[in-house]
Amino acid sequence: VQLQASGGGLVQAGGSLRLSCAASGSVFSINIMGWYRQAPGKQRELVAVTNTGGGANYADSVKGRFTIFRYNAENTVYLQMNSLKPEDTAVYYCNAHLRTTDGWSTYWGQGTQVTVSS
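A brief look at the structure comes next.

### A look at the pattern of salt bridges
Right, so step 1: The final tally for this structure, using the stated rule, is four salt bridges.
Right, so step 2: We note a salt bridge from Arg 37 to Asp 88, for which the minimum N-O separation is 3.0 Å. Separated by 51 residues along the polypeptide, Arg 37 in strand S4 (residues 29–38) and Asp 88 in the loop between strand S8 (76–81) and strand S9 (90–100) bring together distant segments of the chain. The pair Arg 37 / Asp 88 is uniform in exposure class, with both members buried.
Right, so step 3: Asp 88 serves as the salt-bridge partner of Arg 65, at 2.7 Å between the closest nitrogen and oxygen. Of this pair, Arg 65 sits in the loop between strand S6 (56–58) and strand S7 (66–71) while Asp 88 sits in the loop between S8 and S9; the two residues are 23 residues apart in sequence, bridging distant segments of the chain. Each of the two residues, Arg 65 as well as Asp 88, counts as buried.
Right, so step 4: Here the salt bridges share partners, and the residues they tie into one network are Arg 37, Glu 45, Arg 65 and Asp 88.

### What to know about the packing of aromatic side chains
Right, so step 1: By the definition in use, this model includes four aromatic pairs.
Right, so step 2: Between Phe 69 and Tyr 71, the aromatic rings sit 6.2 Å apart at their centres with planes inclined by 80 degrees, giving edge-to-face as the arrangement.
Right, so step 3: Since its relative accessible area comes to 46%, Tyr 71 is described here as partly exposed.
Right, so step 4: Plain terms: the ring middles of Phe 69 and Tyr 78 are 5.1 Å apart, the flat faces sit at 20 degrees to each other, and that makes the pair stacked.
Right, so step 5: The exposure class of Phe 69 is partly exposed, given its relative accessible area of 23%.
Right, so step 6: Tyr 78 gets classed as buried once you look at its relative accessible area, which sits at 16%.
Right, so step 7: Positioned above the aromatic ring of Tyr 93, the side-chain terminus of Arg 44 is 3.7 Å from the ring centre.
Right, so step 8: In this arrangement the basic side chain of Arg 44 is found over the ring face of Trp 108, its NZ or CZ atom lying 4.6 Å from the centre.

Reading guide: rules and limits
- Residues numbered from 1 in each chain as written.
- Predicted model: local features only at pLDDT ≥ 70, side-chain atom pairs only at ≥ 80, totals over all residues.
- Heavy atoms only, no water.
- Salt bridge = Lys/Arg side-chain N within 4 Å of Asp/Glu carboxyl O.
- Helix = DSSP H or I, 4+ residues; strand = E, 2+ residues; numbered from the N terminus.
- Buried < 20%, exposed > 50% of the residue type's maximum accessible area, 1.4 Å probe, protein only.
- Phe/Tyr/Trp six-rings, centres within 6.5 Å; stacked < 30°, edge-to-face > 60°.
- Lys NZ or Arg CZ within 6 Å of the ring centre and 35° of its normal.

Fair warning: the whole summary comes from geometry, so function is off the table for now.
Structure (structure tokens):
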């Protein structure tokens, strides 16, 4: 099983980016999918998560600016990031709690860099 993340890049403050993450391999079902981020010198933190039913939770720092959504049929989760701020600069990691032939486990993507210039 692999989580392939993409969509990061360099953007000016106030701009937008969309991250995507697709789970591939022998995936039977996915429960939680989400995004975390880690800035230099800081711990990894939750950005947003969504469940199979479409419910979502967001970090307070991104509420109203970021939207997480997923296409269950494609095992893909997206993070639409608007009104980006320099403090959003970080490596963004996708995360999924999913079931394979070995049962339920949590997987991480490789990370994609988001840099917001002021």
